[in-house]
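Commentary on secondary and tertiary structure
For reference, the chains in residue letters:
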Amino acid sequence: MTVSLALDPSKRNDRMTAETRDRVLLAARELGYRPNQRARALRTGRTKIIGLYAGHGYINVRVPFFTEIVSGLQEGCEQTRKDLLLHGLFHGSNPENICQELVDGRIDGLIINLASSSPLARMLAQSKFSVIAIADPVEGIPSVTVDDADGSRQIVEHLFQRGHRKVIYSGRDDSQIVSAERRRISFLKHADSVGISVNTRVYSEEGDLAEFARNTLNDKVTAVVFWTDQPALELLSICPKLGIRVPQDLAIVGFNDVSVRAEDEIPFLTSVKAPCAELARVATHHLDTLLKGESVAPETILPVSLTFGRST
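First, a word on scope: everything that follows refers to the structure included in this document.

The rules behind each value
Residues numbered from 1 in each chain as written. Predicted model: local features only at pLDDT ≥ 70, side-chain atom pairs only at ≥ 80, totals over all residues. Heavy atoms only, no water. Helix = DSSP H or I, 4+ residues; strand = E, 2+ residues; numbered from the N terminus. Buried < 20%, exposed > 50% of the residue type's maximum accessible area, 1.4 Å probe, protein only. Contact = heavy atoms within 4.5 Å. Areas by Shrake-Rupley, 256 points an atom, 1.4 Å probe, with all protein chains shown as cover. Pairing = 2+ DSSP bridges. Expected span 1.5 Å × (residues − 1).

Scanning the protein chain for helices and strands turns up 11 helices and 12 strands. The buried share of the protein chain, taken over its 312 residues, is 46%. For the protein chain, the share of sequence-separated contacts (at least 6 apart) that also reach a separation of at least 24 residues comes to 69%. Accessible surface, the protein chain as shown: approximately 16,600 Å² in total, 50% of it carbon and sulfur.

The structure is reproduced here in C-alpha cells:
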C-alpha cells in the first residue's frame, strides 16, 4: 500500500512523510520499476483514455475543422490527465457493431460528432456509457455547440450594412445536420426581417463550381453565403479565372473561420469565427465531469463572432 501511494500522484496521503516517499521513488528508479497501467485499469475499472468518433468520415487532421478539434481535445486531455484515442470508420460494420466496439472497455468515455438522426447516435444515447456530442447536438446526449443562429444573424447584419439586398444562401442537402439547419433557418429569418431577398441553393462537392458562380451572377445577386468555409474558399479560388472580382462583383462569406492564413495580413474570407478548439476543450471537461458521476447541462452553446475579411 505504501508503494502504491508513493507511485500514484492521485493518491497523495498526508500521513506519508516526504522521506518515505523519496525512499520508495529511489528504489523504483534503481529497479527500473514502472506501474502496470493495464493491471491498474482492471483493478480500478478506468483506463484514463477517452475517444473521438466522427461518423461523417475518417478524422482527417489536415482538414482545418478537425485540426482545431483534435488540438482542443489534446489540451483538454492534458488538463484532465487523460489520453486520447482517435477511432476510425469501422468499415463494413453496422451501427450495432460499431456501438459495441466503442463501449467495449478500451476507453472510459467518448466524444462524438454525429448527425442527430444517426442510428449510432440513438444507440449511444440509450446506453449507460459516458458520451458528449460536439458541434451538432444529439438528443439524449449532453452536447457542446457554437451559437449557429447568432452567427447567421451577424452575417445578415454585415451584408445589409454593406448594401447587399439580393443574396444566395448555400447550405447542405442534408437537413439532419442540426448545425447547418440552425444556420440556414436563422439566416432566412433575419434576412427577411431587414428586407434582403434570398435564393437558397445547394452546392455539393460533386457540383460544377464554375457553373455555380456563373449562375450566381446571372441571378443578379451580389453576395453568396456558405454554411461552412470550404466551398467559400473554393469559390474564392476560381473567381479570378472567371473574371469575377471579389468583392466588387460578388461578395463571399463562410462559417467556422478555421482556414489557414498569414497572421500579419487581413483575412481574405469573411467568416464567422467558431471556437472549435474551445469547443473540444469544454467537451473534454464535460466528459471528465460525467466520469466523476456528476451531471452537465443538456447543451452548452459557445459564442461566435464575425471575422471581417476582404471578400466582402
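Still more ground to cover, so stick around.
With that out of the way, let us pick up the pairing of strand 8 (residues 223-226). Both faces of strand 8 are covered, namely the face carrying A223 and V225 and the face carrying V224 and F226. Pairing of strand 6 (residues 166-170) with strand 8, which is carried by 4 bridges, proceeds in the parallel orientation. For Y169, the partnering residue across the bridge sits in strand 8 and is V225. As defined by bridge partners, strand 8 adjoins strand 9 (residues 251-256) across 3 bridges and the pair is classed as parallel. Looking at strand 9, one finds that V225 is bridged to V253.

This part is about unusual backbone geometry. With an omega of 10°, the peptide bond between V246 and P247 qualifies as cis. Relative to the assigned elements, P247 resides in the loop between helix 10 (229-238) and strand 9. Within the chain, K220 stands out as a residue other than glycine whose phi angle is a positive 65°. Relative to the helices and strands, K220 resides in the loop between helix 9 (209-218) and strand 8. Residue classification places K220 among the exposed positions, given a relative accessible area of 66%. With a phi angle near 120°, N256 is a residue other than glycine that sits in the positive phi range. Among the structural elements, N256 can be located in strand 9.

In this model helix 8 (residues 178-194) runs 25 Å from its N-terminal to its C-terminal C-alpha over 17 residues, within 8% of the 24 Å that 1.5 Å per residue would give. Taken together, the buried positions of helix 8 are V178, S179, A180, E181, R183, S186, F187 and A191. Within two residues after helix 8, G195 carries a phi angle of roughly 90°, on the positive side.

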